[in-house]
Amino acid sequence: MKAAVVQFPGSNCDRDMAVALEKSGADVSVVWHKDAKLPEGVDLVAIPGGFSFGDYLRCGAIAANSPICQAVVDHAVRGGYVLGVCNGFQVLTETGLLPGALLRNAGLKYICRTVGLKVETSNSAFTEGYNAGTEIGVPIAHHDGNYFADDEVIARLKGDDRVAFSYTDNPNGSRADIAGILSENRRVLGMMPHPERAFEEAHGNTDGQRLFAGLLGQLASA
């Protein structure tokens, strides 16, 4: 399976993401934000965490207008898989690939710690490695992780089983405790917590490993 990790000025989890994908069995390329095309034959595009363009203007807003993001949108429209983590989730909402927006944390403070997550659905390539209802621990590191959408969007996400993860103890004020959501075709996942930081024993936690293993396993057998 081929994966591409998009790198913006200010990305700081691109290497972590690439290592997690490589150790899960993917052939990984790192793609610069000014590139207009993705590598040939890419199955998965990962948009990592960080502070793209210093979070100026609005988190993810400048990155969403980089040349590579049109290629990412085209990839998703064709049915390709896309994973956006933290700043990557913000970029995916700014491109319109996912609904809603990420606002300042309710306490207006940067939060960096491991939080409890509930796996809300196993009906996706990203979450099939877990049983729905399972609780896991995954690190967060954000100042703008407060997920917001109007009542209609929240109801649609819940009704369509598109909430992938929710917080067991909401750290940032996100509506409906949402920590991660899926696109309508279930091939795009945006999440604020960092599964690539809960991947190896050296991290003190491997709860994120099953996300990568399940995703890579499903794509390899497709």
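Relevant structure appears above.
Residues numbered from 1 in each chain as written. Predicted model: local features only at pLDDT ≥ 70, side-chain atom pairs only at ≥ 80, totals over all residues. Heavy atoms only, no water.

Asker: Is there a simple way to explain unusual backbone geometry in this structure?
Answerer: The bulk of non-glycine residues show a negative phi, and the bulk of peptide bonds are trans. For leucine 57, which is not a glycine, the phi torsion comes out positive at approximately 70 degrees. Here leucine 57 shows up in the loop between strand E3 (44-47) and helix H2 (67-77). (Helix = DSSP H or I, 4+ residues; strand = E, 2+ residues; numbered from the N terminus.)

Asker: Explanation requested: the pattern of salt bridges in the structure shown.
Answerer: Using the criterion set out here, one finds 6 salt bridges in the structure. Residue arginine 175 is joined to aspartate 151 by a salt bridge in which the shortest nitrogen-to-oxygen separation is 2.7 Å. Placement of the pair is arginine 175 in the loop between strand E9 (163-167) and strand E10 (178-182) and aspartate 151 in helix H4 (residues 151-159), with a sequence separation of 24 residues. Look at aspartate 151 and you get exposed, because its relative accessible area is 54%. In this structure, arginine 186 and aspartate 161 form a salt bridge, with 3.4 Å as the shortest nitrogen-oxygen distance. With arginine 186 in the loop between E10 and strand E11 (188-191) and aspartate 161 in the loop between H4 and E9, this residue pair connects regions lying 25 residues apart in the sequence. Here aspartate 161 falls in the partly exposed class, since its relative accessible area comes to 30%. (Salt bridge = Lys/Arg side-chain N within 4 Å of Asp/Glu carboxyl O. Buried < 20%, exposed > 50% of the residue type's maximum accessible area, 1.4 Å probe, protein only.)

Asker: Would you mind showing me how to read H4 here?
Answerer: Think of an α-helix as turning once every 3.6 residues; residues three or four places apart then point the same way. Residues Val153, Ile154 and Leu157 constitute the buried set of H4. Relative to the axis of H4, the buried residues are bounded by an arc of 100 degrees and lie together on one face. In H4, the exposed positions angled more than 90 degrees off the buried face are occupied by Asp151, Glu152 and Gly159. Structurally, H4 contributes buried residues whose contacts are with strand E8 (146-148), E9 and E10. Positive phi shows up at aspartate 161, right after H4, with a value of about 60 degrees. (Arc of directions from axis to C-beta. Contact = heavy atoms within 4.5 Å.)

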